[in-house]
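Structure assessment
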Amino acid sequence: MITIVDYQMGNLRSVQKAFEKTGHAAHITSDPKEIAAATKLVLPGVGACGDAVDEIRRRDLEGPIRDQIASGTPFLGICLGLQMLFDVSYEGGEHEGLGILPGKVVKFELPHGYKVPHMGWNQANFIHRPPIFEGIDEGTNFYFVHSYYVVPENEDVVAITADYGGPFCAAVWKDNLYATQFHPEKSQQAGLSVLKNFAQLA
């Protein structure tokens, strides 16, 4: 069973329905015990990073999430679920992240003519190819909606970049941890392929 973490931020049902389209059941829960028992864990989200981390801590979900990642359970962060993994976010001030990966979350500083948020389809450029991107072609388009992006301290975790007024990190990969800035659940067939590959990880 795939477990989707519910902390009351983001359209979790759309992620659940996307997994169901690939033939894999997904369970939405805010119960720390169920999260601790998950065989695969998904952390989606839309909104502000600081508020999201505060809500995760208020619901006592940080410990189970950390433990699952540390134990080798396949983990997928989506959009805000990527940004929360880092040390600090500068969205609306300075806010402590979960600190699972060293680095920061910063706002786009863009040339004239570019709008924030970055919204719409953009090409994926592979730096490394995580197993969940098996069968996905270089340059495949995925759907983005974000004003901030992650800057990992360790560039080795950067799996995919995209370009919006310059290159930025679009996905990370470290061992059993995968996280994307784009929304696989909104990215049509390519996104469903990513979710199916994640669901089929051993």
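Residues numbered from 1 in each chain as written. Predicted model: local features only at pLDDT ≥ 70, side-chain atom pairs only at ≥ 80, totals over all residues. Heavy atoms only, no water.

Digging into the layout of surface pockets
Each pocket or cavity is described by its volume, and for the largest pocket that value is around 200 Å³. If you list the elements that add at least two residues to the lining of the largest pocket, you get helix H5 (80–83) and strand S10 (141–146). Residues belonging to the lining of the largest pocket are distributed by class as follows: six nonpolar, six polar and two charged. (1 Å grid on protein atoms, 1.4 Å probe; cavity = no way out; pocket = protein on both sides within 12 Å on 5 of 7 lines; lining within 4 Å. Points joined across faces, edges and corners; volume = space filled by probe spheres on them. Helix = DSSP H or I, 4+ residues; strand = E, 2+ residues; numbered from the N terminus. Nonpolar A, V, L, I, M, F, W, Y, C, P; charged D, E, K, R; others polar.)

Focus on the sheet that holds strand S1 (residues 2–5)
Taken together, the eight strands give an open sheet; going across it, the order is S2-S1-S3-S4-S14-S13-S12-S9, and neighbouring strands pair in mixed fashion. Here the strands that pair on one side only, and so sit at the sheet edges, are strand S2 (26–29) and strand S9 (125–126). With four bridges connecting them, S1 and S2 associate as parallel partners. Counted as the bridge partner of Ile4 is Ile28 from S2. Across the sheet, helix H6 (residues 188–199) is in contact with S1, strand S3 (40–43), strand S4 (75–78) and strand S14 (177–180); its angle to S3 comes to roughly 145°. (Pairing = 2+ DSSP bridges. Contact = heavy atoms within 4.5 Å. Axes fitted to C-alpha atoms, helices over the stretch in contact; angles between N-to-C directions.)

Considerations on the UniProt feature "domain: Glutamine amidotransferase" (unreviewed entry) in the protein chain
Sites flagged by UniProt as "domain: Glutamine amidotransferase" (unreviewed entry) map to residues 4–198. Along residues 4–198 the backbone is 26% helical and 33% strand, and the end-to-end C-alpha distance reaches 13 Å. (UniProt positions renumbered as here; feature names shortened; annotations may be inferred.)

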